[in-house]
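# A structural walkthrough
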Amino acid sequence: MSPFRPFRHRAFATVWTGSFVSNIGTWMETVAIGVYVTQATGQAAWTGTVAALTYVPTVLLGPFGGALADRFDRRRFLVGVTLFQTLLAAVLTVLAATDRLSVAAVATIVLLAGCAFSVAMPAVQAMTPDLVGADDLLGAMSLGAAQYNLGRVVGPALAGLVITAGGLAWAFGFNVLSFGAVLIALALVRIPPLARTEGERPRVLRTIADGVDAARRDPGIRTALLLLLATTFLVSPFIGLVPAVAIKVFGRGATGTSALVTAQGIGAVLAALAAAPLAARLGRRRLLVAALLLVGPAAVLYGLAPTFPLAVAAIAVLGFVYLAVLSGTSTVCQLRAPRHLRARIASLFMLGVGGGHALGLVIQGWLGDRVGLPAVTAVTGLLLCGIVVVMRLARPDLLAAMEPAPSGDVHPLQAADGQDQGGQGDQGGEDGRADRAEASVQAQVAAAQDGGEHALGVATDGQRGRRGGDRDHRALPEQGVGQPDQQRPGHQQ
């Protein structure tokens, strides 16, 4: 299977290109901020804390972003958020150009940008399945990660040149211009509108609760989110602490920071391009489990690297396996979520990424100032490796839950809602038919790729018919998952 198949969808290619240009600018700004804070304070703790501010709002605003993206037109919603991000980047550029930059001002802008990021990402992830077919979803997710990390390759390299030649303001200015590519791309694409339920629209908090309940009851999504949280808390802080490692551990400045960030990006891009072929050969669940087992040891190699060239090589390997974990868990969540819940499930995914990463950054940054960043990175990598190994040996069923067993059992959410509703609740409308068709396609693709195994979270229709008995086989939206109780005939509290 070609990793570039999703590009045959023009809308996806357009959004991908605009996002790639914008990410180059974002990474130029990220490197410039890291260099400024590290040089201004001389402490890894401050570098980690400021970097963490990008993700702190995800803990509070991420679920609200998912609920809003499931209520309003996602394209227009993203246009509004992008305009706000452009304004923040412009303010940062003006402050740098007028020599009024301060750590407090940078931290404030980073925090506000994090708020925009936290509400935008659920809409971006939920929009992706509308841009491609279900059979190209894994490839689209991987290419989305590839463009993000390709920006990580190009952006820091350009940032090193631009900062050296013109200063921080030039790097910030390039980011302002890059947002124009996103606005143009969003103006060129159209996505199908969300089906609207009749009657009073449920409250936002109730909408969030429906998403949390769906994730809790689905064993595959629940396991993926828990493993994601462990990975982001223990390992992912290496990303935000790269400037501190380059400057404090190896005595390199902006050039060393750019080299490490670029190497990580190269590894992540290679992982994204290899994801679909490897999944076709190994199966999605096996590929994800292998990445989870390897990401901890890769962090140990990076943390204990004795020389800068070895650290560059090690962070490339770490970038490869870390991206494989992110794209694998994201695909589990998106394939198992019905369309009307996708943004809310995506917001929980971003909550795991942002919350774990932010908390880990702060803790590891302060510990790094006291016992050394290499030791902290190595120990946390060992802890994650131990968690995954113990889970695989003691509770293999938790890992197997991310892909259904060949028994053909009905999806847990389907079985639970089918019992609660007694086979009632034909209120799903267009969402129900869309998800039923999507589930069928996912099952056929998985059977072709995995030698007869099932897609993540979906059993084939024939096996359901043989083993399902009297259970409710309808798509999740038709069973009322995520719908208000008063719209569920036969629902028992």
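Each residue is numbered by its place in its chain's sequence as written, counting from 1. Totals for whole chains, interfaces and linings use all residues, but because this is a predicted model, local features are given only for residues with pLDDT of at least 70 and pairs of side-chain atoms are given and counted only at 80 or more. To obtain the side-chain values, all non-hydrogen atoms of the structure were used and water was disregarded.

## Focus on the overall build of the chain
Note the cut-off: Secondary structure elements follow DSSP: runs of H or I no shorter than four residues count as helices, runs of E no shorter than two count as strands, and numbering proceeds from the N terminus. Each residue gets one of three labels from its accessible area relative to the maximum for its type: buried under 20%, exposed over 50%, partly exposed in between, using a 1.4 Å probe on protein chains only. Contacts are assigned to residue pairs that have any heavy atoms within 4.5 Å of one another. For the area figures, the Shrake-Rupley method with a 1.4 Å probe applies, and any residue is considered shielded solely by the protein chains shown.
Scanning the chain for helices and strands turns up 20 helices and 0 strands. Looking at the 493 residues of the chain, the share that counts as buried comes to 58%. Of all intrachain contacts in the chain linking residues separated by at least 6 positions in sequence, the fraction that spans at least 24 positions is 87%. Put simply, the chain shows about 19,700 Å² of open surface, and 65% of that area lies on carbon and sulfur atoms.

## Quick look at the nonpolar core
As a reminder, the rule being used: In plain words, nonpolar cores are sets of buried Ala, Val, Leu, Ile, Met, Phe, Trp, Tyr and Cys residues tied together by side-chain atoms within 4.5 Å.
The biggest cluster of nonpolar side chains holds 61 residues, and the ones touching the most others in it are Leu260, Tyr302 and Leu318. A per-element tally of this core places helix H14 (residues 308-336) first, with 12 residues. The residues contacting Tyr302, other than those within four sequence positions of it, are Phe238, Val242, Val245, Leu260, Ala311, Ala314, Ile315, Leu318 and Thr377. Grouped together as the second largest cluster of nonpolar side chains are 48 residues, Phe12, Ala32, Phe77 and Ala105 included.

## Thoughts on the packing of helix H9 (residues 219-234) against H14
Our working definition: For helices, the axis comes from a line fit to the C-alpha atoms of the stretch in contact; other axes are also lines fit to C-alpha atoms, and the angle between any two N-to-C directions lies between 0 and 180 degrees. An angle counts as roughly parallel when it lies under 35 degrees, as roughly antiparallel when it exceeds 145, as roughly perpendicular when it falls between 65 and 115, and as oblique in every other case. Each crossing is labelled by how the near helix is turned from the far one, with a counterclockwise turn of less than a right angle marking it left-handed and a clockwise turn marking it right-handed.
Contact geometry of H9 with H14 gives a least axis separation of 9 Å together with a crossing angle of 155°. It follows that H9 is roughly antiparallel to H14 by the angle criterion. The handedness of the crossing between H9 and H14 comes out as left-handed. Seen from H9, the contacting residues are Pro219, Gly220, Ile221, Ala224, Leu225, Leu228, Thr231 and Thr232; seen from H14, they are Tyr322, Val325, Leu326, Thr329, Val332, Cys333 and Arg336.

## A short note on the environment of Ile191
Looking at where Ile191 falls in the secondary structure, it is placed in the loop between helix H7 (168-188) and helix H8 (204-217). In sequence terms Ile191 and Asp73 are 118 residues apart; their C-alpha atoms lie 8.9 Å from each other. When residues no more than four places from it in sequence are discounted, the contact partners of Ile191 are Arg74, Arg75, Met127, Asp130 and Leu131.

## Some remarks on the pattern of salt bridges
Operational definition: For salt bridges, the criterion is a side-chain nitrogen of Lys or Arg within 4 Å of an Asp or Glu carboxyl oxygen.
This structure, assessed with the given rule, holds 2 salt bridges. The salt bridge partner of Asp369 is Lys248, with a shortest N-O separation of 3.1 Å. Within this pair, whereas Asp369 is found in helix H15 (residues 342-371), its partner Lys248 is found in helix H11 (residues 242-249), the two being separated by 121 residues in sequence. When its relative accessible area of 43% is taken as the criterion, Lys248 is described as partly exposed. Residue Asp397 pairs with Arg395 through a salt bridge whose shortest N-O separation is 3.0 Å. For Arg395, a relative accessible area of 41% corresponds to the partly exposed category.

## Let's talk about a nonpolar patch on the surface
Selection criterion: To count toward a patch, a residue needs a relative accessible area above 30% and no salt bridge. Like charges then connect within 9 Å, nonpolar side chains (Val, Leu, Ile, Met, Phe, Trp, Tyr) within 5 Å.
Nonpolar side chains collect at one region of the surface, where Phe84, Leu87, Val91 and Leu112 lie side by side and expose about 330 Å² of accessible area between them. The biggest single contributor to the nonpolar patch is helix H4 (residues 74-97), with 3 residues. Position of Phe84 relative to the elements: it lies in helix H4.

## Topic: the packing of helix H12 (residues 254-282) against H14
Between two packed helices, what matters for the description is the angle formed by their axes and the separation of those axes. Just so we agree on the cut-off: For this scheme, ten residues count as nonpolar: Ala, Val, Leu, Ile, Met, Phe, Trp, Tyr, Cys and Pro. Four count as charged, namely Asp, Glu, Lys and Arg, and the remainder, Gly too, count as polar.
Between H12 and H14, the shortest axis-to-axis distance is 7 Å and the interhelical angle comes to 35°. Our pair here, H12 against H14, has a crossing hand that is right-handed. Side by side, H12 and H14 meet where Gly256, Ala259, Leu260, Ala263, Gln264, Gly267, Ala268, Leu270, Ala271, Ala272 and Ala274 of the first sit next to Phe308, Ala311, Val312, Ile315, Ala316, Gly319, Phe320, Leu323 and Ala324 of the second. Across the contact of H12 with H14, the residue classes tally to 16 nonpolar, 4 polar and no charged.

## Notes on the side chain of Thr262
With respect to the helices, strands and loops of the structure, Thr262 is situated in helix H12. Other than its neighbours up to four places away in sequence, Thr262 contacts Arg152, Val153, Pro156 and Ala157.

## Considerations on unusual backbone geometry
In this model, Asp99 sits at a positive phi of 60°, which is unusual for a non-glycine residue. Its location among the elements puts Asp99 in the loop between H4 and helix H5 (103-131).

## Comments concerning the packing of aromatic side chains
Under the convention used in this document: Geometry of aromatic contacts follows a simple scheme: Phe, Tyr and Trp rings, the Trp one being its six-membered ring, pair when their centres are within 6.5 Å, and the pair is stacked under 30 degrees between planes, edge-to-face over 60, tilted otherwise.
Enumeration according to the criterion identifies 7 aromatic pairs in this entry. Relative to Phe12, the ring of Phe7 lies with its centre 5.9 Å away and its plane at 40°, an arrangement referred to as tilted. A relative accessible area of 28% places Phe7 in the partly exposed class. Note on Phe238 and Tyr322: the rings are 5.9 Å apart at their centroids and 90° apart in plane angle, and the pair reads as edge-to-face.

Take it as geometry only, folks, not as evidence of what the structure does.
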